[in-house]
Amino acid sequence: MPVKDQLHRYLFNNVAVRGELVNVSHTLKDIVKDHDYPQPVQELLAELLVATSLMTATLKFEGNITVQLQGDGPLSMAVINGNNHQQFRGVARTRGDIDAGSTLKQMAGNGYLIITITPEKGERYQGVVGLEGDTVAACLEDYFMRSEQLPTRMIIRQNPQGAGGILLQVLPAQDTSTDDFEHLATLSDTIKAEELVSLPANDVLWRLYHQEDVTVFDPADIEFKCTCSRQRCGDVLKTVASEEIDQILAEDGKIDMHCDYCGAHYLYDAVDVANIRNNTVTGSDTHDAIH
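Structural notes, computed from the coordinates. (Residues numbered from 1 in each chain as written. Predicted model: local features only at pLDDT ≥ 70, side-chain atom pairs only at ≥ 80, totals over all residues. Heavy atoms only, no water.)

Right, let's get into the packing of aromatic side chains. Applying the stated rule across the entire model yields four aromatic pairs. Where Tyr10 meets Tyr209, the ring centres are 5.6 Å apart and the plane angle is 40 degrees; that geometry is what we call tilted. Placement of the pair is Tyr10 in strand 1 (residues 6–12) and Tyr209 in helix 7 (residues 201–209), with a sequence separation of 199 residues. Comparing Tyr10 with Tyr209 shows no difference in burial state: the two are buried. Geometrically, the ring pair formed by Tyr143 and Phe144 is edge-to-face, given 5.6 Å between the ring centres and 65 degrees between the ring planes. Phe144 carries the same exposure label as Tyr143, and that label is buried. Each member of the aromatic cluster is reached from another via a ring pair, and the members are Tyr10, Phe12 and Tyr209. Here the guanidinium or amino end of Arg89 rests over the ring plane of Tyr261, the centre of that ring lying 3.8 Å away. Residue placement shows Arg230 over the ring face of Tyr268; its charged tip is 4.3 Å from the ring centre. (Phe/Tyr/Trp six-rings, centres within 6.5 Å; stacked < 30°, edge-to-face > 60°. Helix = DSSP H or I, 4+ residues; strand = E, 2+ residues; numbered from the N terminus. Buried < 20%, exposed > 50% of the residue type's maximum accessible area, 1.4 Å probe, protein only. Lys NZ or Arg CZ within 6 Å of the ring centre and 35° of its normal.)

Laid out in structure tokens, this is it:
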């Protein structure tokens, strides 16, 4: 039976450290399947997807999270959007050739990661971290250390079948020795890509921590889900100058709104545009999408 895309939370009972384990193989395939990304870009999106899911487990909130990479290199942007329900989508944009085997810095150049948390209740939060590490995981470890002063280890592995990851973090306001945390991090770092991607979570945790006292909580399923809709695209059209819209309609007879995340197309003719301007509902939301 294929391993499900899931987030597993666990807790070390004798040490004040929490952990998360993630597999995102099927979700990753759904994110990249309609795009012709170079292999290094696909691998970067995999790392961002794993990292974003792991980060949701450290945040007690209901709402959305976005982890976006921006740079001045041939990769201009890569982003993963998600929420506390473990629903994710992602996209990348390039402006130059990306060679096989390119590193994060070779792709992004001078850049940074932007972490945006938008809770359903409360204020929006945004943090920025420079691309000083060699990997997304290293950059985010630095982010947690600077923003929350919490020792954190993020381990991400991937192979052609998918991707997975482990996050360890000292519990806030708890007294944990550096040696204890480093011991658990060293154990976790022995995990192989094929184990994370192919084995059930309980088997992975047993291989890593069979000498530790660990409580594992019920998993959360992870899935690809795009939030685009006909109504949202219509709302975007409201922000475009009427003259520009009328010109497109005159030349093409319709407006084609394309979602970069899932590849859906939403078509609007002159009647649809008139209804939008009059705040009249048109179509049946996502059911009118063309893939």
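With that settled, consider the pairing of strand 2 (residues 17–23). The buried count for strand 2 comes to seven of seven residues, which makes it a mostly enclosed element. Because side chains alternate across strand 2, one face comprises the buried residues Val17, Gly19, Leu21 and Asn23, and the other comprises Arg18, Glu20 and Val22, equally buried. Of the pairings in the sheet, the one linking strand 1 to strand 2 comprises seven bridges and is antiparallel in character. Following the sheet pairing, Arg9 is matched in strand 2 by Glu20. Taken together, strand 1 and the strand that follows it, strand 2, pair antiparallel across an intervening segment of four residues. Alignment of strand 2 against strand 9 (residues 162–170), held across seven bridges, turns out to be antiparallel. Directly across from Glu20, in strand 9, lies its bridge partner Leu167. (Pairing = 2+ DSSP bridges.)

Glancing now at the side chain of Asn83. Mapped onto the elements of the fold, Asn83 is located in strand 4 (residues 75–83). Within polar-contact distance, the side chain of Asn83 engages the backbone nitrogen of His85 at 2.9 Å. Ignoring any residue separated from it by four or fewer positions in sequence, one finds Asn83 in contact with Thr56, Gly63, Asn64, Ile65 and Phe88. (Polar contact = N/O pair within 3.5 Å; in protein donor to acceptor, adjacent residues only side chain to side chain. Contact = heavy atoms within 4.5 Å.)

For Ile31, the position within the fold is in helix 1 (residues 25–32). Here the alpha-carbon distance between Ile31 and Leu49, two residues 18 residues apart in the chain, equals 9.5 Å.

As a further point, take the sheet that holds strand 4. Ordered by their spatial adjacency, six strands build an open sheet running 7-6-3-4-5-12, and the pairing between neighbours is mixed. One side of each edge strand has no neighbouring strand; the edge strands of this open sheet are strand 7 (125–130) and strand 12 (223–224). Sheet topology note: the strand 5 (residues 87–94)/strand 12 ladder contains two bridges and is parallel. Bridging from a neighbouring strand, Phe88 pairs with Phe224 of strand 12. Sheet strands touched by helix 2 (residues 39–56): strand 3 (63–71), strand 4, strand 5 and strand 6 (111–119). Its angle to strand 4, the strand with the most contacts, is close to 35 degrees. (Axes fitted to C-alpha atoms, helices over the stretch in contact; angles between N-to-C directions.)

Buried together is how nonpolar side chains tend to be arranged in soluble globular proteins. With 67 residues, the main nonpolar core has Leu44, Met55, Leu75, Leu113, Met154 and Tyr268 as its most contacted residues. Broken down by element, this core gets its largest block of residues, ten residues, from helix 2. What Leu44 contacts, discounting residues up to four positions off in sequence, is Leu69, Leu75, Ala78, Leu104, Met107 and Val136. Ile155, Phe181, Ala201 and Val204 belong to the second-largest nonpolar core, a separate cluster that totals 19 residues. (Core = buried A, V, L, I, M, F, W, Y, C linked by side-chain atoms within 4.5 Å.)

What follows concerns unusual backbone geometry. One non-glycine residue, Gln86, lies in positive phi territory at about 60 degrees. Assignment of secondary structure puts Gln86 in the loop between strand 4 and strand 5.

Turning next to the environment of Pro38. Locating Pro38 in the fold gives a position in the loop between helix 1 and helix 2. In this structure the C-alpha to C-alpha distance between Pro38 and Asp99, which are 61 residues apart in sequence, comes to 7.8 Å.

Relative to the assigned elements, Glu47 resides in helix 2. No salt bridge is formed by the buried Glu47. Its closest oppositely charged neighbour is Arg157, at 8.8 Å. With near-sequence residues (within four places) excluded, Glu47 lies in contact with Thr135, Val136, Ala137, Ile156 and Gln158. (Lys, Arg positive; Asp, Glu negative; His and termini not counted. Salt bridge = Lys/Arg side-chain N within 4 Å of Asp/Glu carboxyl O.)

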